[in-house]
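Structural description and commentary
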Amino acid sequence: MIRFTVNAKTRTFSGPPFKRLIDVLREDFGLTGTKEGCSEGECGACSVLIDGKPVNSCLIPVCQINGAKIETVESLGVPEKLHPLQDSFLREGGTQCGICTPGMLMSAVAYLRAGGDASPEAIREQLAGNLCRCTGYQQIVDSVARALGTKPKTGSKAK
Amino acid sequence: MKVLTPRDERDALRLYRRNPDAFPLAGGTDLMVLWNAGLLNKKTILDLSGLRDWSRIRETPKGVWIGALATHAEIRTHPAIRERFPLLVDSCRTVGGRQIQNRGTLGGNIANASPAGDTFPALAVYAALVHTVSDNDRRVMPIDEIFAGVKKTHLKAGELIEGVELQTPPNPPSRWRFRKVGTRAAQAISKTVFAGQLWLGKDKVVDDVKLALGSVAPTVKRLRHVETHLTGRALDGKTIESALRLLPGDIHPIDDIRSTREYRLQVSRNLIRSFLMGR
């Protein structure tokens, strides 16, 4: 049996050891906020945090997470009380179709916690493993910059 | 699908000897892509994640030891590697994105033996030594000799990569550079990837030079002809151009879905020229 925590709640799993983390989260625990895009580690839509670090949950067999601390997008905010990143994504128009958003948020939250640099170049490097096919990235970079306390100079004017 | 989960090195080597067809699993960033594509059904997996000692990075009297299971993120942020092996840091930064760097391991990357492995040119110019271990043997191979071809290594049945040894050069180079040419800085597979170190002496004479390219041959290539021509000569435009004419003897680029032979050759020349000219 594999034991780990998901969003601070202790969980156990005794199914197939090679079931992917994304499938365990979505199918076994009903945490469907984590999305599957490419299934090959290119798009980052399935990003979650393991022990605070962003990873692609489509590339992790559940047998490798014994004792780990998993965080998914469900751990961030609720509609009544958004996480500052969720609030800034709304204000800056950082979301269109929304498929990449949970992964973007998880990459960004790790960056915020690490006290990330607010320069667009540094934000872009941090988010390089997350692809978005809608926004052209500028609004996403602006959203993260806003959450870091920097008022963006460019991008969407949606406020 | 059967998963073997050794607790330590001895256990792992014993299990691998008994199951020589097993697929070793490190960070999973390549192997899980095969699994997701249905190519590992009914195979045996040897999950190495229980071998905690193998993820250690430590300073040695001569340089740095990088355990096979150290991730690209751990390598990229390690103080001794940042100080002494900057090309390896720069190359780890371009491997996938943060998510891949947090899981993908150096040993896994080497064992996967992609011609486009981004860290390989950096490891090649540092003359990295790959240490392998099996139930009854230990071996050491230079990085540019461990690869047998596209996605093939000289690892034997039951043999695992234990770690990589880097030796600090006696003098720091006058100049060093890592360059990746792809459609995008992150995630993209390289069209050409370059690493170089140059030691200049009096009157701009080349005391030593180490150059390597990836994605332009079945395996990473040290540019021995070009290096030999440059060494001992004053580094001027004429020397650089005559050295570059020897490049086709060192690399064998091909046409494929990512690029053409001609493009790769031209970009390789441009990368070397701009490095040597200090641009």
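Everything numeric here is computed off the predicted structure, so don't read it as measured data.

Moving on: the overall build of chain A. Looking only at helices and strands, chain A features 5 helices and 5 strands. Across the 159 residues that make up chain A, the buried fraction comes to 46%.

Moving on: the overall build of chain B. Along the backbone of chain B there are 12 helices and 14 strands. For a compact globule of 279 residues, the expected C-alpha radius of gyration is about 19 Å, and chain B comes in at 19 Å, within 12% of that figure. Each of the three principal axes of chain B carries a C-alpha extent, and together these read 60 × 45 × 30 Å. Sorting the 279 residues of chain B into buried and exposed places 47% on the buried side. Once local pairs closer than 6 in sequence are excluded, the contacts in chain B between residues at least 24 apart make up 62%.

Further remarks concern the sheet that holds strand β14 (residues 221-222) of chain B. All names here are of chain B. One open sheet accounts for 4 strands, arranged β11-β12-β13-β14; its pairing is antiparallel. At either end of the open sheet lies a strand with only one pairing partner, and these are β11 (175-181) and β14. Where β11 meets strand β12 (residues 192-200), 7 bridges bridge the pair, whose relative direction is antiparallel. Following the sheet pairing, Phe178 is matched in β12 by Ala195. Each of β11 and β12 is contacted by helix α5 (residues 86-93), which is oriented at about 15° to β11, the strand it contacts most. Of the strands in this sheet, β11, β12 and β13 (206-214) are in contact with helix α12 (residues 261-276), which crosses β12 at around 25°.

All names here are of chain B. Most of β13 is tucked away: 7 of the 9 residues are buried. The turn joining β12 and β13, which pair antiparallel and follow one another in sequence, is formed by 5 residues; a positive phi near 55° is taken by Asp203. Pairing geometry for β13 and β14, over 2 bridges, is antiparallel. Across the sheet, Leu213 pairs through a bridge with Lys221, a residue of β14.

Right, let's talk about the nonpolar core for a bit. Ala108 and Val144 of chain A together with Leu88 and Leu123 of chain B are the most contacted members of the largest nonpolar core, which has 112 residues in total. Excluding anything up to four places from it in sequence, Leu123 of chain B contacts Leu88, Ala128, Ile143 and Val164 of chain B.

Accessible area lost upon the coming together of the parts serves often as the stated size of an interface. Residue-level contacts link 23 residues of chain A with 22 residues of chain B. Looking at side-chain class alone, the side of chain A that touches chain B contains 10 nonpolar, 10 polar and 3 charged residues.

All names here are of chain B. Domains assigned within chain B are domain 1 (2-48 + 55-167) and domain 2 (175-276). Taking only C-alpha atoms into account, the centre of domain 1 sits 25 Å from that of domain 2. Put simply, the parts of the chain that give the side of domain 1 that touches domain 2 at least two residues each are α5, α8 (119-125) and β8 (147-149). If you tally residues by element for the side of domain 1 that touches domain 2, the top one is α8, at 5 residues. Considering only residue class, the side of domain 1 that touches domain 2 consists of 11 nonpolar, 6 polar and 3 charged.

A separate point is the sheet that holds strand β10 (residues 160-167) of chain B. All names here are of chain B. Pairing is antiparallel across the open sheet formed by 5 strands, whose spatial order is β4-β5-β10-β6-β7. Edge strands, defined here as strands with exactly one partner in the open sheet, are β4 (57-59) and β7 (137-142). Taking the axes of each pair of neighbouring strands and ignoring which way they run, one obtains an average angle of 20° across the sheet. Alignment of strand β6 (residues 129-134) against β7, held across 6 bridges, turns out to be antiparallel. The partner of Val130 across the bridge, within β7, is Met141.

The next subject is the domain arrangement of chain A. Residue and element names in this part refer to chain A. Domain assignment breaks chain A into domain 1 (2-75) and domain 2 (84-147). Look at where the C-alpha atoms of domain 1 and domain 2 centre, and you get two points 21 Å apart. With 16 residues of domain 1 at the interface, the matching set in domain 2 holds 12 residues. The set of elements that each furnish at least two residues to the side of domain 1 that touches domain 2 consists of β3 (47-50) and β4 (53-56). Taken together, the residues of the side of domain 1 that touches domain 2 break down into 7 nonpolar, 6 polar and 3 charged.

This part takes up helix α3 (residues 101-113) of chain A. Counted at 1.5 Å a residue, the expected span for α3 of chain A with its 13 residues is 18 Å, and the 18 Å between its end C-alpha atoms agrees. The buried fraction of α3 of chain A amounts to 11 of the 13 residues, a majority that puts the element mostly inside the structure. Listing the buried residues of α3 of chain A in full gives Thr101, Pro102, Gly103, Met104, Leu105, Met106, Ser107, Ala108, Val109, Ala110 and Tyr111 of chain A. Buried-residue contacts for α3 of chain A involve β3, β4, α2 (84-92), α4 (120-126) and α5 (138-147) of chain A together with α6 (98-103) of chain B. Looking one or two places after α3 of chain A, you find Gly115 of chain A, whose phi comes out positive at around 70°.

What counts, and where the lines are drawn
- Residues numbered from 1 in each chain as written.
- Chains lettered and ligands numbered in written order.
- Predicted model: local features only at pLDDT ≥ 70, side-chain atom pairs only at ≥ 80, totals over all residues.
- Helix = DSSP H or I, 4+ residues; strand = E, 2+ residues; numbered from the N terminus.
- Buried ≥ 20, exposed ≤ 12 C-beta atoms within 10 Å, placed from the backbone.
- Rg over C-alpha atoms; globule rule 2.2 N^0.38 Å.
- Contact = placed C-beta atoms within 7 Å.
- Pairing = 2+ DSSP bridges.
- Axes fitted to C-alpha atoms, helices over the stretch in contact; angles between N-to-C directions.
- Core = buried A, V, L, I, M, F, W, Y, C linked by C-beta atoms within 7 Å.
- Nonpolar A, V, L, I, M, F, W, Y, C, P; charged D, E, K, R; others polar.
- Domains from an automatic or database assignment.
- Expected span 1.5 Å × (residues − 1).

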